[in-house]
Amino acid sequence: MGENLAVLVTGSMRSGTSSLAGSLKTLGLHVPQPEVPASPRNPKGHFEPHWVIRFHKRLLRQALTRPSDGSPKAERRVAEAIEVSGAAAELATWLAEQTEPRLVIKDPHAAWLVGTWAQAAEQAGRDLRLLTALRHPAEVVGSQDLTWGHRRDDDMRRIKETSNVAAWLNVALVTERSGRGLRRSFIGYQDLIEDWRASLGRVSDQLDLGLETDPDRAGHELDEWLDPSLRRSQISWDDIVVPAWLRDLAEQTWNQLNLLVADPEDPAAMARLDDIRTDYEARYAEAAALTLDEARHRERLGARNSAAKFRPRVQKQKRRAERAEALALGDSGESGDSGQPIRRALGQIRARSRSGKRDATNS
């Protein structure tokens, strides 16, 4: 059983990572404190370290990348943000400060930084293990719709169904490939809540965690905590509308990932996932080319709306300056020649302003 280890729990958003991390905490692993508190979205808890969440979100903002991002370029964008910011050293310092020997660190954002975590763990003297939660893409999209769908009309819901399936696919491919070479394990969300002893027992063996998952022991806390009602979204492809090619690639990816549950280093499954990634990148490039004019329109519309939003503020400041100028000139007029210095200064400011504009035009 490994000591001084860190189990990094990741997977797509709404894939059961909270239930998985909470189970590992119940079985004796430590979540670095303070934790993100429970919320209506996850009433039993998120089991996420505050520091890690802020760390990941800051890097994703710098990379202009969403936590669930369908762009094949997202991984490179995050890598560039990490290199510029020196985030690996920052993460290594934080890991070295953790005193508990057996950590569980959960955050779906970590899918983009698996390599950085591996580098930081090595520097900090931690043995990193990667645990990826798996949930069918249609169920993930359904769970996201239950959580955030009330904010959308029907047209936007259909758009989000397609983009969310694309994001699930891209994140799954990125996580799997970046985890090669690490000691890793995969676990299905349905397997976890239906038979946690068998599924976490297998994870324990693959990651050498030494978890107490005795199938003969009755009345364990997890027997009640992991109840089937946690799986609220049980929809299928028949319930959502996505392009056929995207549905097929996502389904193929799901099937290959499930082969890695039994053997995390299955060479045939990894080779097929590489082929799927190549196919997805080509399809995504085609889609980007087809929608280029729409993307440009949205960019210009956004710029125009931003300008319209700030124009009243600029005009208000201009009117305020004009009133101040008029007030200064009016006050100076009451005292005869005493207003000459103010008028002269204002004239010089205007002259410099006009000169600056001419220089900018001629340059």
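Relevant structure appears above.
The residue numbers shown here count from 1 along each chain, following its written sequence. Only residues with pLDDT of 70 or above have their local features reported here, since the model is predicted, and side-chain atom pairs are shown and tallied only from 80 upward, although totals for entire chains, interfaces and linings are computed over all residues. Hydrogen atoms and water are omitted, and side-chain values are computed over all heavy atoms in the structure.

Trainee: Explain the overall build of the protein to me, please; I cannot follow it from the model alone.
Mentor: Looking only at helices and strands, the protein has 14 helices and four strands in total. When a residue's accessible area, from a 1.4 Å probe over protein chains only, is under 20% of the maximum for its type it is buried; when over 50% it is exposed; and in between it is partly exposed. Looking at the protein as a whole, 44% of its 363 residues qualify as buried. The contacts in the protein between residues at least 6 apart in sequence include a share of 76% that link residues at least 24 apart. The accessible surface values rely on the Shrake-Rupley method and a 1.4 Å probe; as for residues, cover is taken only from the protein chains in view. Carbon and sulfur atoms form 51% of the exposed surface of the protein, whose accessible area is close to 19,300 Å². Secondary structure elements follow DSSP: runs of H or I of four or more residues count as helices, runs of E of two or more count as strands, with numbering from the N terminus. By the convention used here, residues are in contact when the closest approach between their heavy atoms is within 4.5 Å.

Trainee: What am I meant to see in the sheet that holds strand 4 (residues 183–188) here?
Mentor: Working definition: the strands of a sheet are paired by backbone hydrogen bonds and lie parallel or antiparallel to each other. Ordered by their spatial adjacency, four strands build an open sheet running 2-1-3-4, and the pairing between neighbours is parallel. The sheet is open, and its two borders are formed by strand 2 (102–106) and strand 4, each paired with just one other strand. Taken over all neighbouring pairs, the strand axes of this sheet differ in orientation by 20° on average, direction set aside. Sheet topology places strand 1 (residues 5–10) next to strand 3 (residues 127–134); six bridges connect them, and they run parallel. Looking at strand 3, one finds that V9 is bridged to L131. Whether two strands pair depends on DSSP finding at least two bridges between them. Structural elements are reduced to axes, namely lines fitted to C-alpha atoms, with helices fitted over the stretch in contact, and the angle between N-to-C directions of any two is expressed from 0 to 180 degrees.

Trainee: Sorry if this is basic, but what is going on with the pattern of salt bridges here?
Mentor: Pairing of side chains with opposite charge becomes possible as their charged atoms draw close. We count a salt bridge whenever a side-chain nitrogen from Lys or Arg sits within 4 Å of a carboxyl oxygen from Asp or Glu. This model, assessed by the stated rule, comprises 17 salt bridges. Taking the shortest distance from any N to any O, the salt bridge between E48 and K106 comes out at 2.7 Å. Taken together, the residues span a long stretch of sequence, with E48 in the loop between helix 1 (17–26) and helix 2 (50–62) and K106 in strand 2 at a distance of 58 residues. Accessibility classification places E48 together with K106 in one group, the buried group. Between D127 and R129 there is a salt bridge whose closest N-O contact spans 2.5 Å. The structure contains a network of salt bridges with shared partners spanning E176, R180, R184, E265 and D274.

Trainee: Explain helix 4 (residues 87–97) here, please?
Mentor: Residues that lie three or four places apart on an α-helix share one face, since the helix turns once every 3.6 residues. All of the buried residues along helix 4 are A87, A88, L91, A92, W94 and L95. The buried residues of helix 4 occupy one face: seen down the axis, they fall within an arc of 165°. Residues A96 and E97 are exposed on helix 4 and point more than 90 degrees away from its buried face. Those residues of helix 4 that are buried lie in contact with helix 2, helix 3 (74–85), strand 2 and helix 5 (114–124). The arc in question is the one spanned by the directions pointing from the helix axis to the C-beta atoms.

Trainee: Is there a simple way to explain the nonpolar core in this structure?
Mentor: The nonpolar side chains of a soluble globular protein tend to be buried with one another. Among the buried residues, those of types Ala, Val, Leu, Ile, Met, Phe, Trp, Tyr and Cys that are joined through side-chain atoms within 4.5 Å form a nonpolar core. Counting 31 residues, the largest nonpolar core has L95, I105, W112, L113 and W117 as the members making the most contacts within it. Of all the secondary structure elements, the ones that give two or more residues to this core are strand 1, helix 2, helix 3, helix 4, strand 2, helix 5, strand 3 and helix 7 (154–178). Examining the composition of this core, we find that five residues originate from one element, helix 4, more than from any other. Not counting chain neighbours up to four residues away, the residues in contact with W112 comprise L60, T65, R66, P67, D69, A74, E75, V78, N170, V171 and V174.

Trainee: Just checking my understanding: could you explain the layout of surface pockets for this structure?
Mentor: The gaps left among the atoms become clear once a water-sized probe is rolled over them. Considering only enclosed or pocket space, the largest pocket measures out at about 1,100 Å³ in volume. Two kinds of site are reported from a 1 Å grid over the protein atoms alone, namely cavities, where a 1.4 Å probe fits but cannot get out, and pockets, open sets with protein on both sides within 12 Å along at least five of seven lines, and residues are called lining when an atom falls within 4 Å of a point. Taken together, 26 residues form the lining of the largest pocket, with S163, Y284, A287, A288 and T291 sitting closest to its centre. Elements with a contribution of two residues or more to the lining of the largest pocket: helix 7, helix 11 (244–262), helix 12 (267–290) and helix 13 (292–333). Following the grouping adopted for this structure description, the nonpolar residues are Ala, Val, Leu, Ile, Met, Phe, Trp, Tyr, Cys and Pro, the charged ones are Asp, Glu, Lys and Arg, and the polar ones are all others, Gly among them. The residue inventory of the lining of the largest pocket, partitioned by class, reads 13 nonpolar, five polar and eight charged. Grid points are joined across faces, edges and corners, and a volume is the space filled by probe spheres set on the points.

Trainee: Would you explain empty space enclosed by the protein in this entry?
Mentor: As enumerated under the stated definition, the model contains two cavities of 30 Å³ or more in all. Volume-wise, the largest cavity comes out at about 100 Å³. If you trace the largest cavity, you find 14 residues lining it, with T132, A133, L134, A172 and L257 closest to the centre. Breaking the lining of the largest cavity down by element, the ones donating at least two residues are strand 3 and helix 7. A breakdown of the residues in the lining of the largest cavity according to their chemical character gives seven nonpolar, five polar and two charged.

Trainee: Is there a simple way to think about the pairing of strand 2 in this case?
Mentor: A regular strand places its side chains on the two faces of the sheet in alternate fashion. Of all five residues in strand 2, five are buried, a share of seventy percent or more. Neither face of strand 2 is left uncovered, since the one carrying R102, V104 and K106 and the one carrying L103 and I105 both have all their residues buried. Here strand 1 runs beside strand 2; their pairing, made up of five bridges, is parallel. Note that in strand 2 the partner of V9 across the bridge is K106.

Trainee: Whenever I open this one, helix 9 (residues 196–207) confuses me. Can you help?
Mentor: With 12 residues, helix 9 ought to run about 16 Å at 1.5 Å a step, and its terminal C-alpha atoms sit 16 Å apart, in line with that. Here helix 9 lies mainly inside the structure; nine of its 12 residues are buried. Residues of helix 9 that are buried: W196, R197, S199, L200, G201, V203, S204, Q206 and L207. Buried residues along helix 9 sit against helix 1, strand 3, strand 4, helix 8 (189–194), helix 10 (221–225) and helix 11. A positive phi of about 55° marks D208, the residue just after helix 9. What a helix should span is 1.5 Å times the count of its residues minus one.

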